[in-house]
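Below, each chain spelled out in residue letters.
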Amino acid sequence: MQKEWSVFISLARWVSIAFTLIVAVLPPAGVFYAGYTRLEAELLGELELKGSFVREIINLDPEYWTFNDIRISEILSRTKKRDQFHCLSVTETSGSVVAQYPETEPVFVWPVLMVEKSLDDYAHEVGKLSITHSLKFVYLKAILTAALSSVLALILFWFLKVLPLRLMKESLNEIAYLATHDSLTGLANRTQFDDRLTSTLEKSRARKSPVAVFTLDLDRFKDVNDTLGHAAGDHLLIEVANRLKANIPKSDLPARIGGDEFVVLVQRPVDETALIERAKHLIEEISKPYLVSGQVASIGASIGISVAREPEEFDPIRIMRGADLALYRAKNEGRGICRMFREEMEFQQKQTRSVECALRSALTDDRFQLYYQPQFDAKSRRLVGAEALLRFDDTFLTNIGTQQCISIAESTDLIIPVSKWVLETACRHATLLDQLQIAVNVSPNLFRWQGLTDFVQERLTAYKLDGSRLEFEITEKVLIDDVDTAVQTLCDLQRLGVGIAMDDFGTGYSSLGYLRQFPFDKIKIDRAFIKDIGASREADAIVKAIIAMSDALGMKIVAEGVETEQQLQLIQREGNVDVQGYYFGRPMLFGQILQVMANDQTSDEVEKWAASAVS
């Protein structure tokens, strides 16, 4: 930056010098020239006047040198006395002085101005009339003017050179500061952090000393922005930066590299245990409440840690990628925690990218399939519904597993188009499945999509499908982040006639609490309880309690994971319950369940169809 401005600095210096010289030299030179010219004009006028009288004397008496020198002296003396540095004289052509006033020629200390005029006798030069005058006062005025001009020049030099250069230097310093610091928090920005990280890694490689990087991301910061406004969000970021600086050693470098993303360069890490403790302390401090815009705001933080110890690890890109992967793991495992980078994370990241690419390709090429897990009335064993399950006509994705693929889609922007495909296909299939209710699993990200209700209404209208033919299965995770928004969405869907079922009931810590906030249409008992009924008193009691509670609330029940006749009989004794599980059949293709519906078959007759289906 300094080099870029050096031309302007040099230009300012030379302009200031030029103007200073002009102001210092021109005024005294002008005064001297004006005084000199004026004095010369006055002396010429005086010579002209006295010369006319002397010329008359010469013309009247050719012997003027002998008899009229006294008269000539009188003429010379007829003048207003100026000062002692003034002298008039008449000399003949030989150089001899004829007359002089004053009679004694003064001593001229200062430079003088001499003006001469020829004296003619009928066109013949016979002598000269001259005036010698001191330039003392002209020089004194010029010197005084020079002194004043010098003072003015120095002032001008200050304003044109010193002050602008100082202001320019301050501007350059400010520009340099803004180029290396975050304008909001005052922390180092990405540019400064990258430069310091590179230089630190080079030095540490030579010294064989470790270097660590923390990447920190705020949790629930978006909620503060949305509810209190961006100004409050900015204030919160400043407070976070202050807490960050207050809780790390001065040798470490904190930086803000994005909206709510921070990093810390740890130059002297001790060991992993100490680093983890430091990260936990930072999370604890940053997670303390804040007073923002008169309101208390609570956020959290997740931290990823990466350490460079071996020679090949002292690479800026490698250590930052490791910290980012560790942060990604921390956020996926619950947030508000820290994780240390491990090599397998990089492998998992590569696998994630591969799965993401495969999902995009499968979506583009229409290589998704819907399988249907049949649901039966426990007492009559007749088919009453089916749960739509996403499967892939892709060997790579099939080997990865549906749950992992869905999880990766959740972490990217793919979950929306994939879910739209599932809903579109399920609605299209439902038109051919008579009165069968089709259940679709809804991910938390899809549930947060603002266009969900409109999309569902458009599909129901397009396929002339009653809303009751469609059921959304949601888990507690859908509700846990923002209950109010989730309940509003559920109400909107329910107004369309869509059934709402709570999936995996009993596994969450607040499932009962959600039943009070929203009247679900159905509860699905998690398979973890069903597999132990008949063998565990606790499981039996829980299943009985859930069924009794659901009956009291007017909600239907579906028992998942029924795999034996004993489990079915125990469930049958508890009341009207729908069941699904491998005892009744594995997930089957649409064509197979369509034939089951066409033949109005029971669960016993479904097994031959399920045997050929792929789980």
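Just so you know, the residues in each chain are numbered from 1, in the order the chain's sequence is written. Local features in a predicted model are, by the rule used here, given only for residues with pLDDT of at least 70; side-chain atom pairs are given and counted only at 80 or more, and totals for whole chains, interfaces and linings are based on all residues. To obtain the side-chain values, all non-hydrogen atoms of the structure were included, while hydrogens and water were left out.

K.L.:
I'd like to hear about the sheet that holds strand S7 (residues 261–266), residue by residue, with values.
P.N.:
Strand order in this open sheet of five strands is S6-S7-S5-S10-S11, and the pairing throughout is mixed. The open sheet has two edge strands with one neighbour each: strand S6 (253–256) and strand S11 (338–340). Strand-to-strand, the axes of this sheet are offset by a mean angle of 20 degrees, without reference to chain direction. The pairing of strand S10 (residues 300–308) with S11 spans three bridges and is classified as parallel. What sits directly across from Gly304, in S11, is Arg339. Here, residues are in contact when the closest pair of their heavy atoms is within 4.5 Å. Helix axes use the C-alpha atoms of the stretch in contact, all axes being lines fitted to C-alpha atoms, and the angles between their N-to-C directions lie in the range 0 to 180 degrees. What counts as a helix is a DSSP run of H or I of at least four residues, what counts as a strand is a run of E of at least two, and both are numbered from the N terminus. Helix H9 (residues 316–332) rests against strand S5 (211–219), S7, S10 and S11 of the sheet, and its axis sits at about 145 degrees to S10. Any two strands with at least two DSSP bridges between them are considered paired.

K.L.:
Just give me the short version of the nonpolar core, but keep the residues and values in it.
P.N.:
The nonpolar core is taken to be a set of buried Ala, Val, Leu, Ile, Met, Phe, Trp, Tyr and Cys residues, with the residues joined through side-chain atoms within 4.5 Å. Exposure classes here rest on a 1.4 Å probe applied to the protein chains alone. A residue is buried below 20% of its type maximum, exposed above 50%, and partly exposed in between. The biggest cluster of nonpolar side chains holds 80 residues, and the ones touching the most others in it are Ile438, Phe472 and Val579. No other element matches helix H13 (residues 415–430), which puts eight residues into this core. When sequence neighbours within four positions are dropped, the list of residues in contact with Ile438 reads Tyr372, Ala386, Ala388, Ala426, Ala430, Leu433, Arg469, Leu470 and Glu471. Counting 32 residues, the second largest nonpolar core, distinct from the first, contains Phe221, Val224, Leu275 and Leu282.

K.L.:
Go over unusual backbone geometry, please, and point to the residues and values.
P.N.:
Residue Arg220 is not a glycine yet carries a positive backbone phi of 65 degrees. Examined against the element boundaries, Arg220 turns out to sit in the loop between S5 and helix H6 (221–228). By relative accessible area, Arg220 is classed as partly exposed at 42%.

K.L.:
Which residues make up the pattern of salt bridges, and what are the values?
P.N.:
Salt-bridge detection follows one rule: a side-chain nitrogen of Lys or Arg within 4 Å of a carboxyl oxygen of Asp or Glu. On inspection of all chains with the given rule, the structure shows 25 salt bridges. As a salt-bridge pair, Glu42 and Arg38 come within 3.5 Å of each other at their nearest N and O atoms. Of the two residues, Glu42 and Arg38 both sit in helix H1 (residues 2–60), four residues apart, roughly one turn of that helix. Ionic pairing is found between Asp532 and Lys531, a salt bridge with its closest N-O pair at 3.4 Å. Taking relative accessible area as the criterion, Asp532 reaches 29% and is therefore assigned partly exposed.

K.L.:
Help me get a handle on the side chain of Thr215, residues and values and all.
P.N.:
Within the secondary structure layout, Thr215 lies in strand S5. From its side chain, Thr215 meets the backbone oxygen of Ala323 in a polar contact 2.9 Å long. The contacts of Thr215, once residues within four sequence positions are left out, are Phe262, Val263, Ser302, Ile303, Gly304, Met320, Ala323, Asp324 and Leu327. Any pair of N or O atoms that falls within 3.5 Å is considered a polar contact. Within protein, one atom must be able to donate a hydrogen and the other to accept it, and sequence-neighbouring residues count only if both atoms are side-chain atoms.

K.L.:
A description of the packing of aromatic side chains should follow, citing residues and the corresponding values.
P.N.:
Here the aromatic set is Phe, Tyr and Trp, taking the six-membered ring for Trp, and pairing holds for ring centres within 6.5 Å; pairs whose planes are under 30 degrees apart are stacked, those over 60 apart are edge-to-face, and all others are tilted. Going through the model one piece at a time under the given rule, you end up with nine aromatic pairs. Pairing Trp449 with Phe455 gives two aromatic rings, centres 6.1 Å apart and planes at 50 degrees, and the pair type is tilted. What makes Trp449 partly exposed here is its relative accessible area of 26%. Joined through ring pairs, the aromatic side chains of Phe32, Tyr36, Trp110 and Tyr139 make up one cluster. Directly above the ring of Tyr290 sits Arg243, whose terminal nitrogen or CZ lies 3.6 Å from the centroid. For the cation-ring pair, Arg586 lies above Tyr582, with the distance from its terminal atom to the ring centre recorded as 4.0 Å. Look at NZ for Lys and CZ for Arg. If either is within 6 Å of the ring centre and within 35 degrees of the ring normal, a charge sits over the ring.

K.L.:
Account for the environment of Tyr101, with residues named and values stated.
P.N.:
With respect to the secondary-structure elements, Tyr101 resides in strand S2 (residues 97–101). For the pair Tyr101 and Leu76, spaced 25 residues apart in the sequence, the C-alpha separation amounts to 6.1 Å.

K.L.:
For the confidence of the model for the protein, give the residues involved together with the corresponding values.
P.N.:
Confidence of the predictor at the level of single residues is captured by pLDDT, which takes values from 0 to 100. Residues at a pLDDT of 70 or more form 88% of the protein, whose mean pLDDT is 83. The element-level mean pLDDT for the protein is lowest in helix H23 (residues 603–610), coming to 50, with S7 highest at 94. In the predicted structure, residues 608–615 sits below a pLDDT of 50 and forms 19 contacts with residues beyond four places in sequence or in another chain.

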